Amino acid sequence: FIRHDSPSYRSQYSIMSVLRVVAPLLIREDKVLYLDADTIVTDSLLPVWETDMTGKWVGWVSEERAHYRPYGDKYFNAGVLLMNLKQMRKDNATEQLLDLLNTEKLKYYEQDALNKLTDPSHYVELPLRYNEAFCTGFTKNPAIVHYAGFTDWYENKTTMLRWEYKLGGNE
């Protein structure tokens, strides 16, 4: 999917990064909820799953605390994505995203590509509690805690709810 002559070839793309872009081609369902591996679910996700996605590509949470906003007033975190694969297929979103990834060097890879191409008519902004991270902000009632930016989040004694990852742990 990423051409060998692209500025992004041999970059820090992971298989999961590319999967978010090509999901509409690989997954037959019309809608999926993608969660990064560094997330912990603490409440029902039914309310986010039932979000009206008519005409939208993704539902995601804005990084309110981020200073990095190269594509406008908002920047969104792709670690939690409610994806309308049916609409993305209809709009050839994968082809557009791959074209961008194959022609530009992006700081945060597919997350930047999604932010650059997904204008407000193609996204739903989800409540903060569905991707609570340092970059997004903090609530008193998170449904998804995301350890974005913490490489040792499951070991770091300062991270919120780290013990949940270890199924209660023995601390």
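Anything mentioned here points back to the structure above.
The following refers to the structure shown. (Residues numbered from 1 in each chain as written. Predicted model: local features only at pLDDT ≥ 70, side-chain atom pairs only at ≥ 80, totals over all residues. Heavy atoms only, no water.)

1. Some points on the side chain of asparagine 131
Next, step 1: Within the secondary structure layout, asparagine 131 lies in the loop between β5 (123-125) and β6 (144-146).
Next, step 2: Assessed through its relative accessible area of 0%, asparagine 131 is described here as buried.
Next, step 3: Among the polar contacts listed, one links the side chain of asparagine 131 to the side chain of histidine 146, at a separation of 2.8 Å.
Next, step 4: Beyond its immediate sequence surroundings of up to four residues, asparagine 131 is in contact with Val61, Asn77, Gly79, Val80, Thr136, Ile144 and His146. (Helix = DSSP H or I, 4+ residues; strand = E, 2+ residues; numbered from the N terminus. Buried < 20%, exposed > 50% of the residue type's maximum accessible area, 1.4 Å probe, protein only. Polar contact = N/O pair within 3.5 Å; in protein donor to acceptor, adjacent residues only side chain to side chain. Contact = heavy atoms within 4.5 Å.)

2. Regarding unusual backbone geometry
Next, step 1: At asparagine 92, a position not held by glycine, the phi torsion is positive, near 55°.
Next, step 2: Locating asparagine 92 in the fold gives a position in the loop between α3 (85-90) and α4 (93-103).
Next, step 3: For asparagine 92, a relative accessible area of 41% gives the class partly exposed.
Next, step 4: You will see that tyrosine 109, though not glycine, has its phi angle at about 45°, which is positive.

3. Details of the pairing of strand β1 (residues 31-35)
Next, step 1: Going residue by residue along β1, you find Val32 and Tyr34 tucked away on one face and Lys31, Leu33 and Leu35 left uncovered on the opposite face.
Next, step 2: Here β1 pairs with strand β4 (residues 76-84) via five bridges, running antiparallel. Directly across from lysine 31, in β4, lies its bridge partner asparagine 84. (Pairing = 2+ DSSP bridges.)

4. Quick word on the pattern of salt bridges
Next, step 1: Summed over all chains, the structure comprises seven salt bridges.
Next, step 2: Among the ionic pairs, glutamate 64 bridges to lysine 74, the shortest N-O distance being 3.9 Å. Of the two residues, glutamate 64 sits in the loop between β3 (58-62) and β4 while lysine 74 sits in the loop between β3 and β4, which places them 10 residues apart along the sequence.
Next, step 3: Glutamate 64 sits in the partly exposed class, given a relative accessible area of 47%. (Salt bridge = Lys/Arg side-chain N within 4 Å of Asp/Glu carboxyl O.)

5. A short note on the packing of aromatic side chains
Next, step 1: Counted by the stated rule, this structure contains five aromatic pairs.
Next, step 2: On the basis of an interplanar angle of 55° and a centroid distance of 6.1 Å, the ring pair of tryptophan 60 and tyrosine 123 is categorised as tilted. Taken together, the residues span a long stretch of sequence, with tryptophan 60 in strand β3 and tyrosine 123 in strand β5 at a distance of 63 residues. Just as tryptophan 60 is buried, tyrosine 123 falls in that class too.
Next, step 3: Geometrically, the ring pair formed by phenylalanine 76 and tyrosine 123 is tilted, given 4.6 Å between the ring centres and 55° between the ring planes. Separated by 47 residues along the polypeptide, phenylalanine 76 in strand β4 and tyrosine 123 in strand β5 bring together distant segments of the chain. (Phe/Tyr/Trp six-rings, centres within 6.5 Å; stacked < 30°, edge-to-face > 60°.)

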